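A closer look at the structure
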Amino acid sequence: MVVNKTEAVIGRVVLVVVLILTLLPLAGMLSGALQPADRIPDGFSWPSDPQWGNFAVAFRTAHVWELLGSSTLIVLGVVPLSLLLSTLAGYALGNLRIAGGRVVFVLLLLGLTIPFEAIIIPIYYEISSMGLLNTQWAVILPLIGLYMPFSVVWMRAHFVGVPTELSEAARIDGASVFQEIRRVQIPLAMPALSSLAILLFLWTWNQFLLPLVLVDDPDKRTMAGALGAFQGQYINQLPLLFAGALIIMLPTIVIYVIFQRQFIKALLQGAVKG
Amino acid sequence: MTNDVRTHENPKPTAAALRRPDEGAHAAGVGTSARRRGRPSVQRSARHRLAIGWLFVLPALAFFGTFVIYPLITAVQYSFYRWNGIGASTWVGVDNYVRVFTDPELLISIVNALILIVFFTVIPVASGLALATLIRTMRPGPFATVARTVLFLPQIIPLVAAGIAWSWMYAQTGTVNTLLDSVGLGFLARSWLAGFGTALPAVGLIGSWVLTGLCTILLLTGIGKIDTSLYEAARLDGAGWWREFVTVTLPGLRQEIAVLVTITVIAALSSFDIIYTTTKGGPGTSTLVPGISIFRLAFTQSEVGLASAFGIILLALVLLAVLPIQLLARERD
């Protein structure tokens, strides 16, 4: 490829500037978190006496262990069940091509566009009448439903790409549908399933609106939902708020840095399909 | 022949098998051809498969119906009533819808959401295009990996955390003002989120910060799929970078751009997390958006019917924005 030298240099320089701009808010938050807890932090500079103890204080007062437990519980409630149900439905719509499946598919596509805010009010009254307000179920059950359009459309797209000859062969050999799914389809669907799992984990962990509306007790929320509650609590102790926010972001960032390849792949594919 | 033997001899289909369906079929069939228990008639098996198919769809549909379709229908129903959420409700027809479009405060949330499209869609897609064009020739290596990882970071952290980080950027003693001071522009310093004129662009730029990385990487992937001979031909024809961009890059990225415009417009219209964390809609009504208005109306002002009507209008706005983009992208293919 013919590459202009100056163009390449300009590209590099611009990219570095953008990377700095991307990291700046997070670096600012870190420098703020290290200032004395009882003062309004001062500007963007490395404090002369960094207060690492703020993290320990925030860890305790923010109930990070409880929060980790709650978020993990919510993720474990949402992700596996969503994967199972969307695999079955995606297989039926994409591979078995059941009669009437087209209508279901169009309905799900429309479901993709519904902003959560448009239906959060009826969901609140629904969950309330089920007696589940202020429990983790109040977040788990609606999220499975709200993510279902995306999950099924995602899995259907995978199953449409699998040649039907494969299932026919399995069937001629006498495999039941269940055997075929378990032995032939699931192994083939692993890449699609793991990408979907990553996306669902991320969206659930970072979900804010549902826990805010449906769960009063911050300790029973998702990580992001709890962060909203700290804001009021730490209004006069900004360094502790920043420390808390950084602690809460840490688990996802660590997982992201380790699995960044898979994360980026999943997010890119997710963008294309969503 | 027992099942055990069958699984043993049944090799997992491989990628190669996928590429060549005939061979795959053969591979999947090894060792089982001897199994000839009375096969059901074709018709019966078709009906059987249809039944099983619907059985598979039903659990997913049950969740979708219970937590999306049913609430949606209920929201439409609520939207025709005046209801405080507890007591009796009064049928008011389309009154709530009229109120959304005549109440200046509610109307302003819609206008703000439309302005946010500049920050959530136009800026990220435009800067994504510029960046992707500039770095398209970058060789893979440690720097490229670090760049990708960092660009995606805002997608990974909760928007609430982004909001908190940026509140501090914009604060009176925060990073933005410190930087302005250090380059001699200290007279510009202010509390950016507290100013009536600056708050909306300030929260908008948080959206740009979150979405630019996604746009850049997706467009970069798209550029990678463009035939390099097109670039060579353009250069040989003496095309400058702008001509090359307009005649080769832009047409090649139509699909990606359509996708990005769709998801970022939805993000702009239904923004909530960032604004709730940074300004809660203030000062005054300067950063009010539909999400915040719906939340306030329903959960602090007990105007459930009005809030529901606004929710339905928000959904209509999203559909109005998204459907034409989808049709346009599809038609030209």
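Let me sum up the structure you'll find in this document. Keep in mind that what you see is a predicted model, and the values were worked out from it rather than measured.

Parameters and conventions
- Residues numbered from 1 in each chain as written.
- Chains lettered and ligands numbered in written order.
- Predicted model: local features only at pLDDT ≥ 70, side-chain atom pairs only at ≥ 80, totals over all residues.
- Heavy atoms only, no water.
- Axes fitted to C-alpha atoms, helices over the stretch in contact; angles between N-to-C directions.
- Helix = DSSP H or I, 4+ residues; strand = E, 2+ residues; numbered from the N terminus.
- Parallel < 35°, antiparallel > 145°, perpendicular 65-115°, else oblique.
- Left-handed = near helix turned anticlockwise from the far one by under 90°.
- Contact = heavy atoms within 4.5 Å.
- Buried area = accessible area lost by both parts, 1.4 Å probe.
- Salt bridge = Lys/Arg side-chain N within 4 Å of Asp/Glu carboxyl O.
- Polar contact = N/O pair within 3.5 Å; in protein donor to acceptor, adjacent residues only side chain to side chain.
- Nonpolar A, V, L, I, M, F, W, Y, C, P; charged D, E, K, R; others polar.
- Buried < 20%, exposed > 50% of the residue type's maximum accessible area, 1.4 Å probe, protein only.

This part covers the packing of helix α6 (residues 137-161) of chain A against helix α8 (residues 177-205) of chain A. Residue and element names in this part refer to chain A. Between α6 and α8, the shortest axis-to-axis distance is 10 Å and the interhelical angle comes to 150°. Considered as vectors, α6 and α8 are oriented roughly antiparallel to each other. Once α6 is placed against α8, the crossing between them reads as right-handed. Residues L143, Y147, F150, S151, W154, M155, H158 and F159 of α6 lie in contact with α8, whose contacting residues are Q185, L188, A189, A192, L193, S195, L196, L199, L200, W203 and T204.

This paragraph deals with the interface of chain B and chain A. Opposite the 100 residues of chain B that make contact, chain A presents 108 residues. Together, the buried faces of chain B and chain A total about 9500 Å²; carbon and sulfur atoms form 78% of this surface. Contact with chain A buries area across many residues of chain B, yet F56(B), F67(B) and W168(B) alone supply 9% of it, more than any other trio. At the junction of chain B and chain A, the tally comes to 0 salt bridges. Inspection of the chain B/chain A interface yields 8 residue pairs in polar contact (both at pLDDT 80 or more). Partitioning the side of chain B that touches chain A into residue classes produces 66 nonpolar, 25 polar and 9 charged.

This part is about the pattern of salt bridges. Counted under the stated rule, the structure contains 5 salt bridges over all chains. Across the pair R171(A) and E180(A) runs a salt bridge whose closest N-O atoms are separated by 3.4 Å. The partly exposed category is assigned to R171(A), whose relative accessible area is 21%. For E180(A), a relative accessible area of 1% corresponds to the buried category. The shortest N-O distance in the salt bridge between R82(B) and D95(B) comes to 4.0 Å. Of this pair, R82(B) sits in strand β1 (residues 81-82) while D95(B) sits in helix α5 (residues 95-102); the two residues are 13 residues apart in sequence, bridging distant segments of the chain. A relative accessible area of 40% means that R82(B) is categorised as partly exposed.

Quick look at the environment of G85(B) now. Within the fold, G85(B) resides in the loop between β1 and β2 (90-91). Discounting chain neighbours no more than four positions away, the residues touching G85(B) are Y125(A) and V304(B).

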